[in-house]
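Here's the letter readout for the chains.
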Amino acid sequence: MLPPDGHVHTEWSWDAAAGSMERSCARAAALGLPSIAFTEHADFTAWVVDPELRAWMRPEDEAWLLPDGRFRPPPLDATAYLACVQRCRELFPGLRILSGTELGEPHWHGERVNAMLTAGTFDRVLGSVHTLELAGNRLVDFLFKRANPADLVTAYLAEVLRMVRSAAPFAVLAHIDYPLRHWPKEAGPFDPFLFEDEYRTVLAALAGSGRALEANSTVPLPPVIMRWWYESGGEALVFGSDAHDPPAVARRFADLAAAAEAAGFHPGRHPHDFWRRRPVQ
């Protein structure tokens, strides 16, 4: 059995035009997943609209441009989203379906985050960093053309550390390796050992906070980072596809699960549980 998918986006996320909660459930059921968590985007940071970002935007997103030209994504319609979750639970009674959200930079937006979380019940809350305050608030996706790649990863991990050390209300740290998605080929293969101290510092703080680490399968997460998580005292590991369309649900999970077991983690007592660290023999 594949692990649960704890990070999936559907039509309720502003950037998932190809998303579908119902079809993602059907995909999860076909794969035999024990559960799936729909962690829709809740982004409160306003971004500088670089040409690359404008290419992502849909015509309807123009309504969310601020007077200064920056773009703030539309808010998550929590009421309608949660109603869709309930409908899918009725359609797929054999699949455990978790509600959730992915908070972008929650340590920057405390009041708005708290207001959103009180608007509904969310089973799974992810904390993410997508933005750095370099030359204005810009998505990490588009910063590699404006900064040295190594400096960008260092700055990213420093911001993740600030989020982890904050009181922001999230239970799982999503995609600690987010910059790897856009690592430029001309910079050569990414070497996580060049940033070992920074990764270990974040992981130690995360373990101390009692939160879980996500093994994101988009890149996927380098296995050595899972080993560092174990060595840092990390208790729980969550698998996330970060799917924005149904075919991507649980992508590469078999390989990622094998790497997690090699790093010292194993399935929980129930199929839908977080994976846990294996006691040292």
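Our structure's up above, just so we're on the same page.
From a predicted model like this one, the values you see are computed outputs, not experimental measurements.

### Points about the overall build of the protein chain
- Looking only at helices and strands, one finds eight helices and eleven strands in the protein chain.
- The C-alpha radius of gyration of the protein chain comes to 18 Å, within 12% of the 19 Å expected for a compact globule of 281 residues.
- Overall size of the protein chain, expressed as C-alpha extent along the three principal axes, is 55 × 45 × 35 Å.
- Buried positions account for 54% of the 281 residues belonging to the protein chain.
- Long-range contacts, defined here as pairs at least 24 residues apart, represent 72% of the contacts in the protein chain between residues at least 6 apart.

### Some words on the packing of helix H1 (residues 21–31) against helix H3 (residues 78–91)
- Where H1 contacts H3, the axes come no closer than 10 Å and their chain directions differ by 35°. For the crossing formed where H1 meets H3, the hand is right-handed. Every residue of H3 that contacts H1 at Met 21, Glu 22 and Cys 25 is listed here: Tyr 81, Cys 84, Val 85, Arg 87, Cys 88 and Leu 91.
- Looking at the contact of H1 with H3, its residues break down into seven nonpolar, no polar and two charged.

### As for the pairing of strand E4 (residues 124–128)
- Counting buried residues in E4 gives five out of five residues, a clear majority hidden from the surface.
- Burial along E4 is two-sided: the face carrying Arg 124, Leu 126 and Ser 128 and the face carrying Val 125 and Gly 127 are both buried.
- With five bridges joining them, strand E3 (residues 96–104) and E4 adopt parallel strand pairing. Looking at the pairing, Thr 101 lines up with Val 125 of E4.

### Structural notes on helix H6 (residues 196–209)
- Spanning 14 residues, H6 covers 20 Å between terminal C-alpha atoms, matching the ideal 20 Å at 1.5 Å per step.
- Taken residue by residue, H6 has Tyr 199, Val 202, Leu 203, Ala 205 and Leu 206 as its buried positions. Take H6 and look down its axis: the buried residues cluster within an arc of 160°, on one side only. Looking at H6, the residues exposed on the side facing more than 90 degrees away from the buried face are Asp 197 and Gly 208.

### Here we look at the pattern of salt bridges
- In total, this model carries 16 salt bridges according to the counting rule given.
- Ionic pairing is found between Asp 50 and Arg 146, a salt bridge with its closest N-O pair at 3.2 Å. In this pair, Asp 50 is assigned in the loop between strand E2 (35–43) and helix H2 (51–56) and Arg 146 in the loop between strand E6 (137–139) and helix H5 (149–165), connecting sequence segments 96 residues apart.
- Judged by relative accessible area, which is 5%, Asp 50 ranks as buried.
- Salt-bridge contacts for Glu 52 lead to Arg 146; the nearest nitrogen and oxygen are separated by 3.9 Å. Here Glu 52 is found in helix H2, whereas its partner Arg 146 is found in the loop between E6 and H5, with 94 residues between them in sequence.
- Each member of the salt-bridge network shares a partner with another, and the members are Asp 50, Glu 52, Arg 138, Lys 145 and Arg 146.

### Re the sheet that holds strand E8 (residues 212–216)
- Taking strand neighbours across the sheet as the criterion, the nine strands line up as E1-E2-E3-E4-E7-E8-E9-E11-E10 in an open arrangement whose pairing is mixed. Looking at strand neighbours, the two that pair on one side only are strand E1 (5–8) and strand E10 (265–266), the edges of this open sheet.
- Seen against the sheet, H1 touches E1, E2 and E3 and runs at an angle of roughly 145° to E2.
- Sheet contacts for helix H4 (residues 110–117): E2, E3 and E4; angle to E3, the most-contacted strand, approximately 165°.

### Re the nonpolar core
- If you look at the biggest cluster of nonpolar residues, it comprises 74 residues, and the most contacted ones within it are Ile 97, Leu 173, Ile 176, Tyr 199, Met 226, Leu 237 and Phe 239.
- Per-element accounting of this core gives the leading share, eight residues, to H5.
- For Met 226, the residues in contact, after removing those within four places along its chain, are Ala 215, Leu 221, Leu 237, Leu 256, Ala 259, Ala 260, Ala 263 and Phe 265.
- In this structure, Trp 14, Trp 47, Leu 53 and Leu 139 belong to the second largest nonpolar core, which totals eight residues.

### Digging into the environment of Leu 203
- As for its placement among the helices and strands, Leu 203 is situated in helix H6.
- Once the C-alpha coordinates of Leu 203 and Phe 122 are considered, the two residues, 81 residues apart in sequence, prove to be 25 Å apart.
- Once residues within four sequence positions are removed from consideration, Leu 203 is found in contact with Ile 176, Leu 213, Ile 225, Trp 228, Trp 229 and Ser 232.

Rules used throughout
Residues numbered from 1 in each chain as written. Predicted model: local features only at pLDDT ≥ 70, side-chain atom pairs only at ≥ 80, totals over all residues. Heavy atoms only, no water. Helix = DSSP H or I, 4+ residues; strand = E, 2+ residues; numbered from the N terminus. Rg over C-alpha atoms; globule rule 2.2 N^0.38 Å. Buried < 20%, exposed > 50% of the residue type's maximum accessible area, 1.4 Å probe, protein only. Contact = heavy atoms within 4.5 Å. Axes fitted to C-alpha atoms, helices over the stretch in contact; angles between N-to-C directions. Left-handed = near helix turned anticlockwise from the far one by under 90°. Nonpolar A, V, L, I, M, F, W, Y, C, P; charged D, E, K, R; others polar. Pairing = 2+ DSSP bridges. Expected span 1.5 Å × (residues − 1). Arc of directions from axis to C-beta. Salt bridge = Lys/Arg side-chain N within 4 Å of Asp/Glu carboxyl O. Core = buried A, V, L, I, M, F, W, Y, C linked by side-chain atoms within 4.5 Å.

These figures capture arrangement, not role.
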